[in-house]
Structures are given as C-alpha cells and as structure tokens.
Number of protein chains: 2
Amino acid sequence: MRFTTRTEYGLICLIYMAHQKDGHPITTKEIVSGEGFSLTFTEKILQKLRLAKIVESLQGNHGGYVLARSPSKINLREIVEALEGHTFDVFCEPKTRNDIVCNHFHLCGLKPIWRKTKDLLDGFFEDITLEQIASKNDMNLEKSAQVAKKALL
Amino acid sequence: MRFTTRTEYGLICLIYMAHQKDGHPITTKEIVSGEGFSLTFTEKILQKLRLAKIVESLQGNHGGYVLARSPSKINLREIVEALEGHTFDVFCEPKTRNDIVCNHFHLCGLKPIWRKTKDLLDGFFEDITLEQIASKNDMNLEKSAQVAKKALL
DNA sequence: ACCAAACCAGACTACTATAGTCCAGTTTGA
DNA sequence: TCAAACTGGACTATAGTAGTCTGGTTTGGT
C-alpha cells in the first residue's frame with residue numbers, strides 16, 4: 001500500500017509555499033525547476049489543491065500560488081484527501097469496488113478492521129500540520145500517534 | 001490508498017480454513033464455489049500464503065489447504081505482508097521508486113512521517129489475529145490500536 | 001492597446017500493476 | 001490407473017497512474 005506521486009509532489013509544492021516569505025506567491029515553474037517535476041503534471045496537482053481550498057492561485061503576470069491558510073491550520077489528512085481522494089479506502093463497504101459488494105457482513109470480521117484502520121490513519125494525519133512538515137525538526141510524531149490512538153477509544 | 005483484492009480474497013480463504021473442523025483441509029474449489037472467486041486466481045493467492053508459511057497444502061486426491069498454525073498464532077500483519085509485500089511502502093527512501101530517490105532528506109520532514117505511518121499500521125495489524133478476524137464478534141480493536149500506539153513511544 | 005507571464009482545462013497517450021486466464025504438469029488416495 | 005487436487009509459468013485484458021499536448025483565459029507592466 002502506498003500513496004501516489006501526486007501526494008508526494010503535492011506535499012513538496014506545499015512545503016515550497018510554506019517556505020515563501022510574507023505570502024509571496026510561488027510559480028509552478030519555480031517549483032518545477034527546483035524539483036525536476038513535469039510542469040503540466042505539477043499544474044494538475046496544484047489545481048487539485050486549489051479546488052480543495054488548500055492553496056489559492058493568483059492569475060496573470062506575476063501570479064502564482066499561495067497557501068489559503070497558515071501552515072499551522074493545514075493538516076496532512078486534508079492534503080491526502082485532496083490528492084488521493086481518501087486516506088484509506090474501506091472496501092467491502094456497499095457502493096465501493098464498483099458494486100461488487102462483500103456478502104460477508106454477518107460472516108466475517110473484516111469490515112470493522114478496515115474501518116478502524118481508516119480511523120487510525122485519519123486521526124494520525126489530522127494531527128500533523130503543514131507547519132510541522134515544513135519545519136522538519138522535532139515533529140513529535142509520537143504525540144500525533146498518541147492522539148490518533150486516543151480518538152479510537 | 002487501499003489493499004488489493006488479493007488481500008481481500010486471501011483473508012476470506014483464511015477465514016474459511018479457520019472455520020474448518022479438526023484441521024480438515026479445504027479445497028480451492030470449495031472456497032471458490034462459496035465465494036464466486038476465480039479458481040486460478042485463488043490458487044495463486046493460496047500459493048503466496050503457502051510460500052509465506054501461513055498455510056500448508058496437501059497434494060493429491062482429497063488434498064487441500066490447512067492453516068500452518070493455530071489462528072491465534074497468525075496475525076494480520078504477516079498476512080498482509082505475504083499478499084501485498086508490505087503494509088505501507090515508505091517511499092522517498094533510497095532504493096524504492098525505481099531509483100528515483102528523494103533529494104530532500106535534509107530539507108523536508110516527509111520521510112519520518114511515512115516511517116511512523118508504517119510503524120503505526122504494522123503495530124496495529126500485528127496485534128490482530130486470524131482468530132479474532134474469523135470469530136468476528138467482540139474483537140476489541142480498541143485494544144489493538146492501543147498496543148499499536150504504545151509501541152510508537 | 002498590447003504582450004508576455006502565468007494560471008486553467010480538457011482531451012489524449014504511455015506505462016505499469018492488478019486481476020485475471022490458460023495450459024501443461026505433479027502428487028496422491030481409492 | 002484414474003481422477004481429484006495442488007503447482008507453476010507464460011500469457012492477456014483492464015484500469016489507474018503518470019504523464020503530454022494544445023488551446024485557451026487572466027493580469028501586470030509598458
């Protein structure tokens with residue numbers, strides 16, 4: 001199980017924005033030239049982040065992208081959900097897996113496990129802010145995990 | 001992020017085995033006719049479980065598959081690792097992502113987050129046994145999550 | 001007014017992994 | 001010796017990822 005490169009690239013773009021001084025916009029080109037990403041692909045990722053209201057765009061000459069909020073108010077869960085659709089897909093749930101619905105609701109204990117897996121990840125990611133990600137040091141992930149854990153009880 | 005159908009099918013196969021009386025082997029055909037799975041695909045999954053020493057096969061007439069150990073001694077982590085390769089792939093780690101190595105080790109805080117995500121999932125899955133999965137009721141997943149959490153500290 | 005720099009958007013394509021199929025074995029109990 | 005089962009490898013179809021390509025629209029500066 002892994003996240004796609006969309007999430008990886010998107011996070012790096014967001015780190016670039018978090019590092020900008022006084023809300024100055026950064027252009028797709030600047031990020032791309034620093035990272036060697038594809039320009040058009042990166043644009044698509046930034047559009048997803050814009051539609052999710054995580055970043056805002058400034059069109060026209062001297063335009064670019066800025067964070068829609070302070071990095072401390074943006075958490076990893078919403079970033080992942082914007083770029084992946086969900087943190088963890090609880091399959092064998094009605095409607096998912098194109099109508100191939102699990103017929104074991106009363107037979108096996110799989111679904112509650114996937115449900116809890118999603119809760120665990122949601123809680124963990126929710127407590128990690130872009131500020132922490134961008135600052136790198138001393139992230140105290142243990143505390144985040146603790147919070148994620150407690151939320152399950 | 002989701003697990004593949006391999007894991008879903010594989011788990012259901014294991015639940016069938018756990019439900020067998022007195023170590024009587026179950027055949028691929030029996031599982032397939034009960035679930036509507038593809039025969040040859042299910043065989044492949046059972047081979048993976050055999051190579052991982054989670055199940056044992058009995059060849060020849062009246063053969064089939066049995067659990068290699070008691071369901072209480074088989075945990076979800078090893079099942080997932082047998083069928084998916086890993087619970088969560090820590091990318092941006094040297095060697096992964098076919099030699100496209102992340103060049104931000106000193107710039108961003110992404111890797112430790114993915115590392116902790118893997119630890120969190122590993123711990124959570126490790127504490128869930130096939131016995132619990134097959135018995136369905138009263139799984140006390142909260143306790144498993146608690147243990148997973150503690151292991152991070 | 002115009003131009004260039006940037007974002008915007010949709011259709012298209014290449015590649016890879018998943019989810020299978022097919023077939024030719026080998027093993028074993030009756 | 002036969003049939004029921006597992007074994008194993010090569011093959012295929014489909015879907016999703018990771019892009020490309022093209023033609024826009026918006027805006028600041030001159």
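None of these values were measured; they are calculated from a predicted model.

(A) Region of interest: the protein's contact with DNA strand C. Taken together, 26 residues lie near DNA strand C, and Gln47, Ser57 and Gln59 of chain A together with Ser38 and Gln59 of chain B sit nearest. Counting only the atoms of DNA strand C that lie within 4 Å of the protein, the sugar and phosphate share comes to 73%. Between DNA strand C and glutamine 59 of chain B there is a distance of 2.8 Å, counted from a sugar or linking oxygen to a side-chain nitrogen or oxygen. Within the contact set of DNA strand C, a base oxygen lies 3.1 Å away from a backbone nitrogen or oxygen of asparagine 61 of chain B. Every element with two or more residues in the surface near DNA strand C is listed here: helix 3 (39-51), strand 1 (55-58) and strand 2 (64-67) of chain A together with helix 1 (5-19) and helix 3 (39-51) of chain B.

(B) Summary view of the protein's contact with DNA strand D. The full set close to DNA strand D counts 26 residues, and Ser38 and Gln59 of chain A together with Gln47, Ser57 and Gln59 of chain B are the nearest of them. Restricting attention to atoms of DNA strand D within 4 Å of the protein, one finds that 72% of them are sugar or phosphate atoms. In the environment of DNA strand D, a phosphate oxygen lies 3.4 Å from a nitrogen or oxygen atom belonging to the side chain of tyrosine 9 of chain A. Lysine 44 of chain B places a polar side-chain atom, nitrogen or oxygen, 3.0 Å from a base oxygen of DNA strand D. Sorting the residues of the surface near DNA strand D by element identifies helix 1 (5-19) and helix 3 of chain A together with helix 3, strand 1 (55-58) and strand 2 (64-67) of chain B as the ones contributing at least two each. The greatest single-element share of the surface near DNA strand D, amounting to four residues, is contributed by helix 3 of chain B. The residue makeup of the surface near DNA strand D, split by class, is five nonpolar, 16 polar and five charged.

(C) Expanded view of the pattern of salt bridges. Considering all chains together, one arrives at 14 salt bridges over all chains under this definition. For glutamate 78 of chain B, the salt bridge is made with arginine 69 of chain B, and the minimal N-O distance between the two is 3.2 Å. Measuring nitrogen to oxygen at the nearest pair gives 3.8 Å for the salt bridge that ties aspartate 119 of chain B to arginine 115 of chain B. Taken together, the positions of aspartate 119 of chain B and arginine 115 of chain B, both in helix 5 (residues 110-126) and four residues apart, correspond to about one turn of that helix. Each of Arg77, Glu81, Lys118, Asp122 and Glu126 of chain A takes part in salt bridges that share partners, so that together they form one network.

Rules of the game
Residues numbered from 1 in each chain as written. Chains lettered and ligands numbered in written order. Predicted model: local features only at pLDDT ≥ 70, side-chain atom pairs only at ≥ 80, totals over all residues. Heavy atoms only, no water. Near = heavy atom within 4 Å. Polar contact = N/O pair within 3.5 Å; in protein donor to acceptor, adjacent residues only side chain to side chain. Helix = DSSP H or I, 4+ residues; strand = E, 2+ residues; numbered from the N terminus. Nonpolar A, V, L, I, M, F, W, Y, C, P; charged D, E, K, R; others polar. Salt bridge = Lys/Arg side-chain N within 4 Å of Asp/Glu carboxyl O.

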